[in-house]
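So you can see what is in the structure, the chains are spelled out below.
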Amino acid sequence: MNKHLLASAGAAALLAAAPASGTENPLLAPWTGPHGGVPAFDQVRVEQFQPALEAAMAEQLAEVDAIAAQAAAPTFDNTIAALEHVGKTLDRVGTYYGVFASTMSSPEFQAVEREMAPKLAAFADKIFQNEKLFARIAAVYETRETLALTPVQQRLVWLDHTRFVRAGAKLDAAAKTRLSEINQELAGLYTKFSQNVLADEEGYVLVLESEADLAGLPDSLRSAAAAAAASRGHAGKWAILNTRSSMEPFLTYADRRDLREKVWTTYYSRGDNGDVHDNNATISAILGLRAERAQLLGYATHAHWRLENTMAKTPERAMELMEAVWKPAVARVGEEVADMQAIADAEAAASGTATIAIAPWDYRYYAEKVRKAKYDLDENEVKPYLQLDKLREGMFWVAGELFGFEFRPVTGVPVVHPDVRVWEVTDRASGKHVGLWYFDPYARKGKRSGAWMNAYRTQERFAGEVTTIVSNNSNFVQGKAGEPILVSWTDAETMFHEFGHALHGLNSNVDYPSLAGTAVFRDYVEFPSQLLEHWLPTREVLERFALHHQTGEPIPAALVAKIEQAETFNQGFQAVEYLASALVDMKLHLAGATPIDPDEFERETLAALGMPSEIVMRHRTPQFGHVFSGDGYSAGYYSYLWSDTLTADAFEAFTEAGGPYDKTVAKRLRDHVFSVGNTIDPADGYRAFRGKDPGIAALMRKRGFPLPSAESSRSN
Ligand SMILES: [Zn+2]
């Protein structure tokens, strides 16, 4: 569905489908092997991308022109369904391109991206602005009630029509030209933004010279830092990478306050260093163009345009939810800081040193101490039980219990890097092939930080049975050879989260490719993934898979009990760092055509919100990839909270029944949520699963916040 390529056109799912043949560029070749084949990652060379993309775009334009130019009157089959077939070659090239952009970036590849981003945007506009094609879509749309269509086909017609209209299909010629210019310019700016952030992540590595600098760090972090230094030509020293996976544990454990401040400052200054990789001017330009585009399309602001096809529907409803959680979250931060300050003061008194005021680089460090004091829970005590490989087996086991999946490692499948491993997924009951799951777990040069899922191929049965290929990616720091990788509790949650996206793809059971898997509304897509996080802390998983890396003993029940008790710990911090980002994102895109200085806007918005001084936005504006590396999550970072409202409410369906592994509830979850893709309205799907609409109460309970006095059920 060209998901990698058309994100900037704000309309990904349409342009899909029909193998090209007889070409020498391996990126264009159909995939070979069983079950529809696999990507030939072993044959990719960077210089093949541009010719492959050009050829695949030309092929798709020809396919689209053929549909548009038909003499026969427009029908569902010859227009809407026919569009589901187009672009298969570009889909395949796009898979390679997306994987390289996110995990194998290099100066040579980045040059290709800079060249191709505007061309890909222009290509998308050529399709959306094809007048003959739109006239056919509109004709089917206008007569849809009179056609003998299934509800899913009706929805597909509506989605296609909406997508074209939202992309400017109804504009006059001059406006269309300007729109296309804007999209191309934005595509170039998004590429620049991402490359700048990557440059700052790779360009600022803190190399520590002496063992004393590591005070407080547990052994696992020391050996990871040693390995990171060695692989960067600093054998015998220790390197702290400028990524979240390295920054967070360092700030949690490092006793050296000066080094904590340094690591914190470096991380939160990405894209904001006033140098050649500074993103502020790029952001101003992006915001200006987005505002202009929204007006051109007839919307008050970019936020209004983006929210139209979401569950929330309007920025106001998204803001309402964020504001309902903001106040209790800030109040909780006040309590958390007071607890931390008391410990810092006691330490100062005991050691006869000057007292400190909790600063942002102290938060994780003292929060950890509070966790120990309040819950007798030490993250270091938990970590030896969290082995990456065992947790992965735990995820497989959960997928087996909930969805009947079986995972078996396969070898001989081409991968983009030797770190990547592949599993075949089958249905346990029938033995039928379900799909493939690729896992790319480790940080490396050229790979962006964070964790994510993507689909190399989506499920469909429109043009014969096509099974999906999905991947999970993360940035764990590899330790010494042969040593198990130990991960933090947060990282373990993230693994389950991304695996939830993968299961959303793997469960897909639909006809049309543009409606498959995770191609749902932006503020619904995080629901399945966040829901899966809830299975990590279940006793069934912890007792079987949280095994000590040396003794093989399962995590003690007493420690599990402590983890359960501490579940709502530090929720003030987590909610505030997230909400600050989500609120700034929305306000930036509600500001309309006013020219914006990002640093100043961020500062003033946070001040007006009453942002606690001890916390910083989870993603500061100059590094906010969700929002500025594409249209994807722009005016959409609120989606995580929106989805989490559903998540919290949905998990209560399990606890109200027989528990997390209740088969009846799991079946309803699969039937109405995980398998349906975008074939039904998500609000209807949710209601069919849950028997009611979600309210905010479960969310507040999950986070340990007080319930609002008049809790009312939101009707989504
Ligand atoms: Zn997610």
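For the structure, see preceding data.
Small disclaimer: the values here were computed from a predicted structure and weren't measured.

Caption draft 1: Representation of the overall build of the protein. When helices and strands are tallied, the protein shows 27 helices and seven strands. Here the protein has a C-alpha radius of gyration of 25 Å; the compact-globule value for 716 residues is 27 Å, and the two agree. Expressed as lengths along the three principal axes of its C-alpha atoms, the size of the protein is roughly 90 × 60 × 60 Å. A burial count over the protein gives 61% of its 716 residues as buried. Look at the contacts in the protein between residues 6 or more apart in sequence, and 75% of them connect residues 24 or more apart. Working note: accessible area of the protein is about 26700 Å², and carbon and sulfur atoms make up 53% of it. Computing the positive centroid from 71 side-chain charges and the negative centroid from 93, the protein places the two 2 Å apart.

Caption draft 2: View of the environment of Gln184. Note on placement: Gln184 falls in helix H7 (residues 173–203). Counting along the chain gives 146 residues from Gln184 to Val38, while the straight-line C-alpha distance between them is 32 Å.

Caption draft 3: Quick peek at the packing of aromatic side chains. Enumeration over the complete set of coordinates arrives at 46 aromatic pairs. Judged by centre distance (5.0 Å) and plane angle (90°), the ring pair of Tyr365 and Tyr366 falls under edge-to-face. In terms of burial, Tyr365 and Tyr366 fall into one category: buried. Measuring from centroid to centroid gives 5.6 Å for Tyr375 and Phe569, while their planes differ by 75°, and the two rings are edge-to-face. Separated by 194 residues along the polypeptide, Tyr375 in helix H14 (residues 363–375) and Phe569 in the loop between helix H20 (557–565) and helix H21 (571–590) bring together distant segments of the chain. Three or more aromatic residues link up through ring pairs in this structure, and these residues are Phe396, Phe407, Trp423, Trp437, Phe439 and Phe499. When the ring centre of Tyr267 is taken as reference, the NZ or CZ atom of Arg270 above it lies at 3.8 Å. The positively charged end of Arg448 is found above the aromatic ring belonging to Trp452, 3.9 Å away from the centroid.

Caption draft 4: Fine view of the coordination of the zinc ion. Here the zinc ion is held by His497 (NE2), His501 (NE2) and Glu526 (OE), and the distances to it run 2.0 to 2.1 Å. In the primary sequence, the donor residues of the zinc ion line up as H-x3-H-x24-E. Of this pair, His497 and His501 both sit in helix H17 (residues 489–506), four residues apart, roughly one helical turn.

Caption draft 5: View of the side chain of His433. Looking at the element boundaries, His433 is found in strand E5 (residues 433–442). Separated by 3.5 Å, the side chains of His433 and His35 make a polar contact. Reaching out from His433, the side chain makes a polar contact with the side chain of Glu424 at a distance of 2.6 Å. Residue contacts for His433: discarding those within four places in its chain leaves His35, Glu424, Val425, Thr426 and Thr467.

Caption draft 6: Local environment of the sheet that holds strand E3 (residues 405–410). The strand order across the open sheet formed by five strands is E3-E4-E5-E7-E6, and the pairing between neighbours is mixed. Edge positions in the sheet fall to E3 and strand E6 (452–457), since each has one partner strand and no second. Direction aside, neighbouring strands of the sheet carry axes that sit 25° apart on average. Here E5 pairs with strand E7 (residues 468–476) via seven bridges, running parallel. Looking at the pairing, Tyr438 lines up with Ser471 of E7. Here helix H16 (residues 388–403) sits on the sheet in contact with E3, strand E4 (421–427), E5 and E7, set at roughly 155° to E5.

Caption draft 7: Focus on the pattern of salt bridges. Under the counting rule described, the total for this entry stands at 49 salt bridges. Lys692 is the partner of Asp649 in a salt bridge, and the nearest nitrogen-oxygen pair spans 3.2 Å. You can see Asp649 sitting in helix H24 (residues 639–656) and its partner Lys692 sitting in the loop between helix H26 (682–690) and helix H27 (697–703), a full 43 residues away along the chain. Taking relative accessible area as the criterion, Asp649 reaches 3% and is therefore assigned buried. Taking the shortest distance from any N to any O, the salt bridge between Glu656 and Arg690 comes out at 3.1 Å.

Caption draft 8: Quick look at the environment of Lys667. Here Lys667 shows up in helix H25 (residues 663–674). What makes Lys667 exposed here is its relative accessible area of 53%.

Caption draft 9: Structural view of the nonpolar core. Core analysis: the biggest nonpolar cluster contains 133 residues, and Phe407, Trp437, Phe499, Leu503 and Trp535 have the highest contact counts within it. Leave out the neighbours within four places in its chain, and Phe407 touches Phe396, Ala399, Trp423, Glu424, Val425, Trp437, Phe499, Leu503 and Leu506.

Caption draft 10: Layout of the packing of helix H18 (residues 522–533) against H25. Packing of H18 against H25 leaves a shortest axis separation of 12 Å and a crossing angle of 155°. Here H25 runs roughly antiparallel to H18, going by the angle between their axes. Of the two elements, H18 crosses H25, and the hand of that crossing is left-handed. Contact residues: H18 offers Tyr524, Phe527, Pro528 and Leu531, while H25 offers Leu669, Val673 and Phe674. Split by residue class, the contact of H18 with H25 holds seven nonpolar, no polar and no charged.

Calculation notes
Residues numbered from 1 in each chain as written. Predicted model: local features only at pLDDT ≥ 70, side-chain atom pairs only at ≥ 80, totals over all residues. Heavy atoms only, no water. Helix = DSSP H or I, 4+ residues; strand = E, 2+ residues; numbered from the N terminus. Rg over C-alpha atoms; globule rule 2.2 N^0.38 Å. Buried < 20%, exposed > 50% of the residue type's maximum accessible area, 1.4 Å probe, protein only. Contact = heavy atoms within 4.5 Å. Areas by Shrake-Rupley, 256 points an atom, 1.4 Å probe, with all protein chains shown as cover. Lys, Arg positive; Asp, Glu negative; His and termini not counted. Charge placed at Lys NZ, Arg CZ, Asp CG, Glu CD. Phe/Tyr/Trp six-rings, centres within 6.5 Å; stacked < 30°, edge-to-face > 60°. Lys NZ or Arg CZ within 6 Å of the ring centre and 35° of its normal. Donors = N, O, S within 2.8 Å, 3.2 Å for Na, K, Ca; no water. Polar contact = N/O pair within 3.5 Å; in protein donor to acceptor, adjacent residues only side chain to side chain. Pairing = 2+ DSSP bridges. Axes fitted to C-alpha atoms, helices over the stretch in contact; angles between N-to-C directions. Salt bridge = Lys/Arg side-chain N within 4 Å of Asp/Glu carboxyl O. Core = buried A, V, L, I, M, F, W, Y, C linked by side-chain atoms within 4.5 Å. Parallel < 35°, antiparallel > 145°, perpendicular 65-115°, else oblique. Left-handed = near helix turned anticlockwise from the far one by under 90°. Nonpolar A, V, L, I, M, F, W, Y, C, P; charged D, E, K, R; others polar.

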